[in-house]
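# Architecture at a glance
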Amino acid sequence: MYQPHPYSIFRYIFIFLLTLTALPTFAQQTAVKGVVTDAVTKETIPYASFMIVGTSKGGRTDIDGRYNITIEGSYTQLQFSYVGYKTQVKTVKAGITQVVNVQLQNEAMQMNEVVIKGSKKAPYRNKDNPAVELIRKVIANKPKNRMESYDYVEYKKYERMLFSMSNLSDKFKNKKVFRNYQFLFEEQDSTKIGGKNLLPVFQQEKLSENYYRKHPEKMKTVVVADKQVNFDERFIDNKGLTSYFDRMYQDIDIYDNNISVVSNLLLSPIADGAPGFYKFFITDTIRTHQPQLIELSFTPRNKMDMLFEGKLYVTMDGNYAVQNAYLTVNKHINLNFVRGLEAKLEFEQNPDQRYHLSKSNLIVDFGILKKGGTGFTGERTVTFKDYTVNQPPSENVYKGAEALVVVPDATKKNEQYWASIRPESVNESSTKIYHNLDTLQTIPSFKRTMDIVTLFVAGYKDFGPFEMGPVNTFYSFNSVEGFRARLGGRTTTKLSKRYYFETYAAYGFDDQKWKYFLSGTYSLNNKSIYSFPQNYLRASFQRDTKIPGQELQFVQEDNFLLSFKRGENDMLLYNDFYRFDYVREYENHFSYSVGLRKWSQTPGGSLYFNNSAQNLFSRTNQINTSEVSVNLRYAPNEKFYQGKIYRTPLVDKYPIFNLRYTAGLKGVLGGDYNYHNFMGSVDKRFYLSQLGYTDVTVEGGYNVGKIPFPLLSIHRANQTYAYQLQSYNLMNFLEFVSDHYASINIDQNFNGFFFNKIPLLQHLKLREVMSFKALYGGLRNENNPDKNLDAMQFVRNDDGQPITYALDRGPYMEGSVGIGNIFKVLRVDAVKRFSYLENPNVSSWGIRARVKFDF
């Protein structure tokens, strides 16, 4: 079933490919920056072009007319140009960092006897601003310019996604390993995003037929052709990689209030509240176009905010529609690893004189270093054609619940077919990318690199039919087992696509006990059991330890880093599990599992089982249960990347529902108890535009029956120094148990909304985080040892104080405030506990940290 993981697929791609690219540069460098302005008005000139004379390298100024460039070699001249202005060449001094400001003269300007008088620039205002009045008209007319204004819409959509290593030096390109593989590289104009040399590493093309119906509302997509680079499944989940790029490079709808770019939501320049966050300027009138267009330039009021800058071209025909759009972001924006972003949108007119999106192009360049160095560039081009409105299609189109249908032969189209359906022809090197990357995977050095990176990132060493790992569990320690050594692995598809086996053995040098695990799995759909959708049967036996109340969602329980814990930590359970499970997933992301489990629990360390308050010696060494369980999960529109151990969710706005029922069977396979357990949860992310996003989890559970406390709901506690999203970070292990409970977990990420407005601090690109967790629960008298002397007693410490409690004095609550994005990867929270502070050995506050790779 689903298991999340905190690290994004971004880490896999970056760590893996950057291993090949870290090369120092020793050439002479000249760093130049400055501002380009109008020689008369002194106004800055946005998007003016500049170029190193004698090369094709250059760029454009930003919305404020600023530029910066690093010149390699002995070049000493820069050329500046802009439409309507005279081209100007500036000489710079080689080998030093310098500021060169440029004043461009209007081509029609006569400079003789011109007297220039400066005046203070008026502050920007929305009131009586014709640009703001125009954008308000665009906003007011949004409903009629959207696809949703029609009863029916259908169109064909062609998509091409290309992801490349970018900004590669000639030295890298000419490395010995690539000497015979120069065909892998592509060259482009060096002024473009990504630099001159590119090494494509992924490409996908897709053709689909799309249908929209207003009443009842439904969107249906039929994929008729799909072609992509396929990597060795031992290393990369191809389907998950496609999902990842789809999430990163979504369609841009300028009419949405928020636009998704690289997994972040940025406020659209024509959002309902856009005039409160953007500045707008009328910068041109294009009378040669019919209808006449007004060029609107826009920029964030605060350059650090998660907003766009660029230009809109608005039709002056009464529709106030967007006819073209150019979107980029300020280089200071709080967006991790993004060195450049550029989106271009083109619209065409319908027969009813309204406009629809005809083409979009989104390019994003990523890199560890903001200026220069090897990085990655992704480019997604989407073309819309055969646009038809208000013509009802056949009712068969909307039959079935699936919103996405892939025709059976979609992946079997030949190159002749693709050449015939591409809206624009591509160069020969682009069509050969599929073959070139297949060839790349045969290079021995590439295979070795993939092997090393898989070991480093996923923790497994591949030996063909068997892989060993995960390596981060080979060594750990705790106060009961002492030093714990573990070794294990599992079979791969090289052995069989039907049968899978997994095993490990571990030994504790203090408790001198062996622990081990063995499972056998049979795939019912002849696919890897780690690929989606899963459909398998599994039988397993496990003898191992577990800390009661520690529910790890992100890492293995004997991960070395979890060995470091706060407070007392000398209680654990020795468990024997005999399990049989059936797991079934569906393409619509509904899944269920049915399990049968025989479970024996034995206390270890200072943990003990006492059956009676009247008899201190009435202790048992074991609790035996037999259970049958059913788990239901529904995650509509979920996307994820399937790693070696966990699925990495690509979190979006859609909720995730979980429901679990477990029944204890007394007298079956040695079970000693009858009981019923119900648990349900809902997870949902709420996007709050400029205020970031909020992750909310609501959960509840109910136990029916008289049962000992190890079978009750032992609430998730955390005594490590890592901040855990779903655990209570200042609760001790086994501190609270319930037979009925409800909880809420709120985690708010502001994405730097406040820090971005504080001088000096804004340049650190930190992000504010807050959380609040509340747990309300209790015990019925039959399960509460304070009310029922026959109930199993809670554990006491050496001083005779109880360390386990019922939530009978109100809810448990804790909250935190923190700083995220420290060095782009670290989140640190100050956590405060608000209730049950009188319990022994508790902390009222603490500092916790969490590593997270994010954009």
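The sections below set out a description of the structure shown in this document. For clarity, every value in this text was computed on a predicted model and none was experimentally measured.

### Details of the environment of Ser-429
In this structure, Ser-429 sits in helix α7 (residues 428–431). The class for Ser-429 is partly exposed, based on a relative accessible area of 32%. Put simply, Ser-429 and Glu-186 are 243 residues apart on the chain and 7.3 Å apart in space, counted from C-alpha to C-alpha.

### So, helix α2 (residues 130–140)
A turn of α-helix holds 3.6 residues, and therefore any two residues three or four places apart point the same way. Turning to α2, its buried residues are Ala-131, Val-132, Leu-134, Ile-135, Val-138 and Ile-139. Axial view of α2: buried residues confined to an arc of 160°, hence all on one face. Seen from the open side of α2, the exposed residues pointing more than 90 degrees away from its buried face are Pro-130 and Ala-140. Contacts from the buried residues of α2 go to α3 (142–145), β15 (278–286), β16 (293–300), β17 (309–315) and β18 (322–328). Put simply, Asn-129 is the residue that caps the front of α2, since its side-chain oxygen is 2.9 Å from the backbone nitrogen of Ala-131.

### Some points on empty space enclosed by the protein
Taken as a whole and assessed by the stated rule, the structure comprises seven cavities of 30 Å³ or more. Looking at the second largest cavity, its volume works out to about 150 Å³. Together, 18 residues line the second largest cavity, and Leu-265, Met-306, Ser-689, Gly-692 and Asn-751 are the ones closest to its centre. Put simply, the parts of the chain that give the lining of the second largest cavity at least two residues each are β14 (264–267) and β38 (675–687). Residue composition of the lining of the second largest cavity, grouped by class: eight nonpolar, eight polar and two charged.

### Some remarks on the side chain of Ser-430
Tracing the chain through its elements places Ser-430 in helix α7. Within the structure, Ser-430 has its side chain in polar contact with the side chain of Glu-186 (distance 3.4 Å). Non-local contacts of Ser-430, meaning those with residues more than four positions away in its chain, are made with Arg-160, Glu-186 and Gln-203.

### Some remarks on the pairing of strand β30 (residues 571–585)
Here β30 lies mainly inside the structure; eleven of its 15 residues are buried. Here strand β29 (residues 535–546) pairs with β30 via twelve bridges, running antiparallel. Within β30, the residue paired with Ser-540 across the bridge is Arg-579. Here 15 bridges tie β30 to strand β31 (residues 590–605), and the two strands are oriented antiparallel to one another. Looking at β31, one finds that Asn-575 is bridged to Gln-601. Connecting β30 to the antiparallel partner β31 that follows it, the hairpin turn spans four residues, and His-589 within it adopts a positive phi of roughly 70°.

### Side note on the sheet that holds strand β5 (residues 77–81)
As a general point, the strands of a sheet are linked pairwise by backbone hydrogen bonds and lie either parallel or antiparallel. One open sheet holds the four strands; their spatial order is β3-β2-β5-β6, and the pairing between them is antiparallel. Of all strands in the sheet, those bounded by a partner on one side alone are β3 (58–60) and β6 (88–91). In this sheet, neighbouring strand axes are inclined to one another by 20° on average, regardless of whether the strands run parallel or antiparallel. Sheet topology places strand β2 (residues 49–52) next to β3; three bridges connect them, and they run antiparallel. Residue pairing across strands places Phe-50 opposite Gly-59, the latter belonging to β3.

### Quick word on the environment of Pro-802
Note on placement: Pro-802 falls in the loop between β43 (767–778) and β44 (812–822). Considered as a pair, Pro-802 and Phe-384 are 418 residues apart in the sequence and their alpha carbons are 68 Å apart. Residues in contact with Pro-802, not counting those within four places in the same chain, are Val-795, Arg-796 and Pro-840.

### Structural notes on the side chain of Thr-315
Of note, Thr-315 is situated in strand β17. At a separation of 2.9 Å, a polar atom in the side chain of Thr-315 contacts the side chain of Asp-317. With residues up to four places along the chain from it excluded, the contact list for Thr-315 reads Pro-291, Gln-292, Leu-293, Tyr-320, Ala-321, Gln-323 and Tyr-355.

### Focus: the pairing of strand β26 (residues 482–491)
For β26, the tally of buried residues reaches seven of ten residues, placing the bulk of the element in the interior. Across three bridges, strand β24 (residues 466–468) lies against β26 in antiparallel orientation. Residue pairing for β26: Phe-466 is matched across the bridge by Thr-491. By the bridge criterion, four bridges tie strand β25 (residues 475–478) to β26 in an arrangement that is antiparallel.

### Some points on the packing of aromatic side chains
A complete count under the given rule lists 40 aromatic pairs for this structure. Measuring from ring centre to ring centre gives 6.3 Å for Phe-609 and Phe-709, while their planes differ by 80°; the resulting arrangement is edge-to-face. Taken as a pair, Phe-609 in strand β32 (residues 609–610) and Phe-709 in the loop between β39 (693–704) and β40 (713–714) lie far apart in primary sequence, 100 residues in all. Look at Tyr-728 and Tyr-812: their rings are 5.5 Å apart centre to centre, the planes differ by 80°, and that puts the pair in the edge-to-face class. Residue Tyr-728 is found in the loop between β40 and β41 (737–738), and its partner Tyr-812 is found in strand β44; the two are separated by 84 residues along the sequence. Within the aromatic cluster, the residues linked to one another by ring pairs are Tyr-475, Phe-477, Phe-483, Tyr-507, Phe-509 and Trp-514. The positively charged end of Lys-461 is found above the aromatic ring belonging to Phe-463, 4.7 Å away from the centroid. Just above the ring of Tyr-693 sits the side chain of Arg-685; from NZ or CZ to the centre is 3.8 Å.

Analysis parameters
- Residues numbered from 1 in each chain as written.
- Predicted model: local features only at pLDDT ≥ 70, side-chain atom pairs only at ≥ 80, totals over all residues.
- Heavy atoms only, no water.
- Helix = DSSP H or I, 4+ residues; strand = E, 2+ residues; numbered from the N terminus.
- Buried < 20%, exposed > 50% of the residue type's maximum accessible area, 1.4 Å probe, protein only.
- Arc of directions from axis to C-beta.
- Contact = heavy atoms within 4.5 Å.
- Polar contact = N/O pair within 3.5 Å; in protein donor to acceptor, adjacent residues only side chain to side chain.
- 1 Å grid on protein atoms, 1.4 Å probe; cavity = no way out; pocket = protein on both sides within 12 Å on 5 of 7 lines; lining within 4 Å.
- Points joined across faces, edges and corners; volume = space filled by probe spheres on them.
- Nonpolar A, V, L, I, M, F, W, Y, C, P; charged D, E, K, R; others polar.
- Pairing = 2+ DSSP bridges.
- Axes fitted to C-alpha atoms, helices over the stretch in contact; angles between N-to-C directions.
- Phe/Tyr/Trp six-rings, centres within 6.5 Å; stacked < 30°, edge-to-face > 60°.
- Lys NZ or Arg CZ within 6 Å of the ring centre and 35° of its normal.

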